[in-house]
Amino acid sequence: MRIKTNNKQKRKCPKILFTILISFILSMVVVTILVLLLLLNNNSAGGNAINASMIASLLLPDDNHHLTPMDDNNNNNNNNNNNNNNNNNKNRPPDCTLNQLKKVRRQLRPDTCFEAIEAPFYQTCSFTQETKCPDVTNYLDEYYQELQQEYLEKTIATTGNGDKDIDTDIDTATYDIMEAFVGLSVGCNKGFDALNTLRRGTFDASLSKHDWGMEMTKDGILHQSVCAQNVTLSFQVLPNIVQPRKGTVHCFEPVPATVKKLQTANRNLGYEAKGYKVIHAAVSNVTGVDYFQSKSRPGHENGGLGNCRNDVRNVECDVQVQVLTLADYVKEHFGGNDSSSIHILQIDVEGYDADVLLGAGKDVLERVEYLEFEYNWMGSWKNQHLYDVIEMLDDVDFTCYWAGNQKLWRLTGCWQLYFDVHAWSNVACVNRKRVPRLAMKMENIFQQLLLMEDGGTSATTITKGKMMRASRHEIMSLDPTMMTSKYLSPEAISRAMVKRNKKIRIKAAAVAAAAAVAKKKKE
């Protein structure tokens, strides 16, 4: 059987081919014009010759393009727009995409933070639950383990011997093969974190948290640690380290009873000679003096500048303590050499952390490699915003993260409105210019977390009633403009403060009633 041929279809084929050919030629003409325009523009500006990647960026879609929230709404005037001069820093990670922000919200649930606006002392917020006791072993300890290995290799190369039986009286100048370590611990409290920081920075196995704990509890009086720093693992020092790296940690503590214990333990263990310095002083944004209670329980973790300020000062606030700024202290003790590093700066001062950073100033902060501080609703934080601090630190090359249990959620370039809820939490920042290797480790942890379906626990359970109320709150909005706003609205804060004061009165009444019952039973 003969198959009939469609003559109309035959006639259409040449026309289709001709149309495709013309389209191809026109597209090549457009490409040529674009390239010529770029070449002319580049030459007129005195720039370098155009390269292939520039042409490709015009012609091909970029699969790695990171949309900022501004890409979703160009009219957003209250957005976290971090496309500022810091984007010229090649080490600054790109801003989070809208999808990445939503992924963070699934891991750090904003609905759990609704109650924290009204009652932060209940510690229900997701980033409180995740960051209250950070574990830095998979980035900070890992980085210092690598430095320790490098130090060991340089030591062996210098002495020709890496064994423990080497003559330890050898000229210590032989070991000046790595910049002396400098750590600052502001709000040192019981001193365990500061001691481990010195051990981490100097690779000195003789610095023992166990021995320190025995000295600090000799008389049995020491307030319990919230995060049990006395029993957490110490930094692991290699067994064949011959001579520890030179270094110091400066432990600033204002509470008189705590300082007395720190000084006694330091003296009895001989740790001052190993670089552990105890300074009886508070640190803030201005110098002067302030009052503290001599009868405070040693190691009490809520003792800070706010305890004896304003009109609450009483006869128990009987000890004057010097108040320093880090700018003055660093200038006095380390000079104005901007090239030398402050390797680790840890701040925990019960609500005055941002004041410490403001008192450090740009010159000191630019020298810091790694920074940790606490965020909450007390002290100066009541009138300060975390967003502003993150922006200030970004300007001096810091990338900051919520610091969890071997987890990191980036704040820099990934801001969300509910982060403005003042809830107890911890933040870790890295100077991407000074320590790009550590910065890469920390960013990789965040990126890996984004690949997980559920990277956070956010274990707090809320009732249906609270969930309904939370669902109507601005922190739950998925509108890109609202979601990435810098600050909670004044209306939301005002409503929350009314309810917070009511809850405080109820809580105080309950405590008073319980005390009255206990007193009656004793009688």
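Engineer: Which parts of the structure should I look at to understand the overall build of the chain?
Structural biologist: Check the secondary structure of the chain and you find 17 helices and 11 strands. In the chain, which comprises 523 residues, the share counted as buried stands at 46%. Within the chain, contacts between residues at least 6 apart in sequence are counted, and of these 82% link residues at least 24 apart. In the form shown here, the chain has an accessible surface area of approximately 27200 Å², with 54% of it arising from carbon and sulfur atoms.

Engineer: Looking at this model, I keep getting lost on helix α9 (residues 209-216). Mind explaining?
Structural biologist: Note: α-helices contain 3.6 residues per turn, so residues at a spacing of three or four share the same orientation. All of the buried residues along α9 are Lys 209, Trp 212, Gly 213, Glu 215 and Met 216. Down the axis of α9, the buried set is contained in an arc of 160 degrees. They therefore lie on one face. Turned more than 90 degrees away from the buried face of α9 sit His 210 and Met 214, all of them exposed. Considering only its buried residues, α9 is in contact with α8 (192-202), α10 (256-269) and β3 (276-279). Sitting at the head of α9, Ser 208 places a side-chain oxygen 3.3 Å from the backbone nitrogen of His 210.

Engineer: I would appreciate a short explanation of a nonpolar patch on the surface in the present structure.
Structural biologist: A cluster of nonpolar side chains, namely Ile 22, Ile 25 and Leu 26, defines an oily patch on the protein surface of about 260 Å² accessible area. Topologically, Ile 22 is positioned in helix α1 (residues 7-44).

Engineer: When you look at the packing of aromatic side chains in this model, what are you seeing that I'm missing?
Structural biologist: In this description, an aromatic ring pair is defined by two values, namely the gap between the centres and the angle between the planes. Counting across every chain of the model gives 18 aromatic pairs. Seen from their ring centres, Phe 127 and Tyr 418 are 6.4 Å apart, and the 40 degrees between their planes marks the pair as tilted. Highlighted residues: Phe 127 in helix α6 (residues 126-131) and Tyr 418 in the loop between β10 (408-410) and β11 (425-431), separated in sequence by 291 residues. In this structure an aromatic cluster arises from ring pairing among Phe 127, Phe 373, Tyr 375, Trp 381, Tyr 387, Trp 402, Trp 415, Tyr 418, Phe 419 and Tyr 487.

Engineer: In this structure, what is going on with the sheet that holds strand β2 (residues 247-252)? I would like to understand it.
Structural biologist: Backbone-to-backbone hydrogen bonds join strands into a sheet, with any given pair of strands oriented parallel or antiparallel. The sheet built from eight strands is open, its strands ordered β3-β2-β1-β7-β8-β11-β9-β10 with mixed pairing. One side of each edge strand has no neighbouring strand; the edge strands of this open sheet are β3 and β10. Pairwise comparison of adjacent strand axes, ignoring direction, gives a mean angle of 20 degrees for this sheet. Pairing of strand β9 (residues 398-403) with β10, which is carried by three bridges, proceeds in the antiparallel orientation. Along β10, the bridge assignment pairs Ala 403 with Leu 408.

Engineer: Honestly, the pattern of salt bridges in this entry has me stumped. Any pointers?
Structural biologist: Between side chains of opposite charge, pairing is possible as soon as their charged atoms come close. The final tally for this structure, using the stated rule, is 13 salt bridges. In this structure, Glu 142 engages Lys 441 in a salt bridge whose closest nitrogen and oxygen atoms are separated by 2.7 Å. Separated by 299 residues along the polypeptide, Glu 142 in helix α7 (residues 137-159) and Lys 441 in helix α14 (residues 436-451) bring together distant segments of the chain. Taking relative accessible area as the criterion, Glu 142 reaches 36% and is therefore assigned partly exposed. According to the relative accessible area criterion, Lys 441 is buried, its value standing at 14%.

Engineer: Please explain the environment of Ala 403 as it appears in this structure.
Structural biologist: Along the chain, Ala 403 turns up in strand β9. Judged by relative accessible area, Ala 403 falls into the buried class, the value being 3%. With 31 residues separating them along the chain, Ala 403 and Glu 372 place their C-alpha atoms 8.7 Å apart.

Engineer: Please clarify how α7 should be interpreted in this entry.
Structural biologist: The end-to-end C-alpha separation of α7 is 31 Å, in line with the 33 Å expected for 23 residues at 1.5 Å each. Taken together, the buried positions of α7 are Tyr 139, Leu 140, Asp 141, Tyr 143, Tyr 144, Leu 147, Gln 148, Tyr 151, Leu 152 and Thr 155.

Engineer: Help me out: how do you make sense of unusual backbone geometry in this one?
Structural biologist: Leave glycine aside and you will find that most residues have negative phi; peptide bonds, for their part, are mostly trans. Backbone geometry at Ala 228 places phi at a positive 55 degrees, although glycine is not the residue there. If you trace the backbone, Ala 228 turns up in the loop between α9 and β2. For Ala 228, a relative accessible area of 27% corresponds to the partly exposed category. For Glu 350, which is not glycine, the phi torsion reads 55 degrees and is therefore positive. Counting through the fold element by element, Glu 350 comes out in the loop between β7 (342-347) and α12 (353-365). A relative accessible area of 13% means that Glu 350 is categorised as buried.

Engineer: How should the pairing of β2 be read in this particular structure?
Structural biologist: For a regular strand, side chains alternate in direction, first toward one face of the sheet and then toward the other. Most of β2 is tucked away, with five of its six residues classed as buried. Relative to β2, strand β1 (residues 181-186) is paired through six bridges, and the arrangement is parallel. The residue bridging Phe 181 from the neighbouring strand is Gly 247, located in β2. Alignment of β2 against β3, held across four bridges, turns out to be parallel. Bridge pairing in β3 places Phe 252 opposite Ile 279. The β-α-β motif built from β2, the intervening α10 and the parallel element β3 has right-handed crossover chirality.

Engineer: Got a minute to help me understand the nonpolar core in this structure?
Structural biologist: Nonpolar side chains in soluble globular proteins tend to be buried together. Grouped together as the largest cluster of nonpolar side chains are 112 residues, with contacts concentrated most on Tyr 276 and Phe 373. In this view, Phe 373 contacts Ile 347, Asp 353, Leu 357, Trp 381, Leu 386, Val 389, Leu 393, Ser 425, Asn 426, Val 427 and Cys 429; residues no more than four positions away in its chain are not counted.

Engineer: Sorry, what's going on with the state of the cysteines here?
Structural biologist: Scanning all chains against the criterion turns up six disulfides. Note on cysteine connectivity: Cys 400 is disulfide-linked to Cys 429, with sulfurs 2.1 Å apart. Sign of the S-S torsion, about 105 degrees for the bond between Cys 400 and Cys 429, identifies this disulfide as right-handed. Taken together, the positions of Cys 400 in strand β9 and Cys 429 in strand β11 put the pair 29 residues apart, joining distant regions of the chain. By the burial criterion, Cys 400 is buried, and Cys 429 matches it. Counting only the cysteines that take part in disulfides, in the order they occur along the chain, gives the pairing 1-11, 2-3, 4-6, 5-7, 8-9, 10-12.

Cut-offs applied
- Residues numbered from 1 in each chain as written.
- Predicted model: local features only at pLDDT ≥ 70, side-chain atom pairs only at ≥ 80, totals over all residues.
- Heavy atoms only, no water.
- Helix = DSSP H or I, 4+ residues; strand = E, 2+ residues; numbered from the N terminus.
- Buried < 20%, exposed > 50% of the residue type's maximum accessible area, 1.4 Å probe, protein only.
- Contact = heavy atoms within 4.5 Å.
- Areas by Shrake-Rupley, 256 points an atom, 1.4 Å probe, with all protein chains shown as cover.
- Arc of directions from axis to C-beta.
- Polar contact = N/O pair within 3.5 Å; in protein donor to acceptor, adjacent residues only side chain to side chain.
- Patch = residues over 30% accessible without salt bridge, like charges linked within 9 Å, V, L, I, M, F, W, Y side chains within 5 Å.
- Salt bridge = Lys/Arg side-chain N within 4 Å of Asp/Glu carboxyl O.
- Phe/Tyr/Trp six-rings, centres within 6.5 Å; stacked < 30°, edge-to-face > 60°.
- Pairing = 2+ DSSP bridges.
- Axes fitted to C-alpha atoms, helices over the stretch in contact; angles between N-to-C directions.
- Expected span 1.5 Å × (residues − 1).
- Right-handed = clockwise from strand over helix to strand, strands pointing away.
- Core = buried A, V, L, I, M, F, W, Y, C linked by side-chain atoms within 4.5 Å.
- Disulfide = S-S within 2.5 Å.

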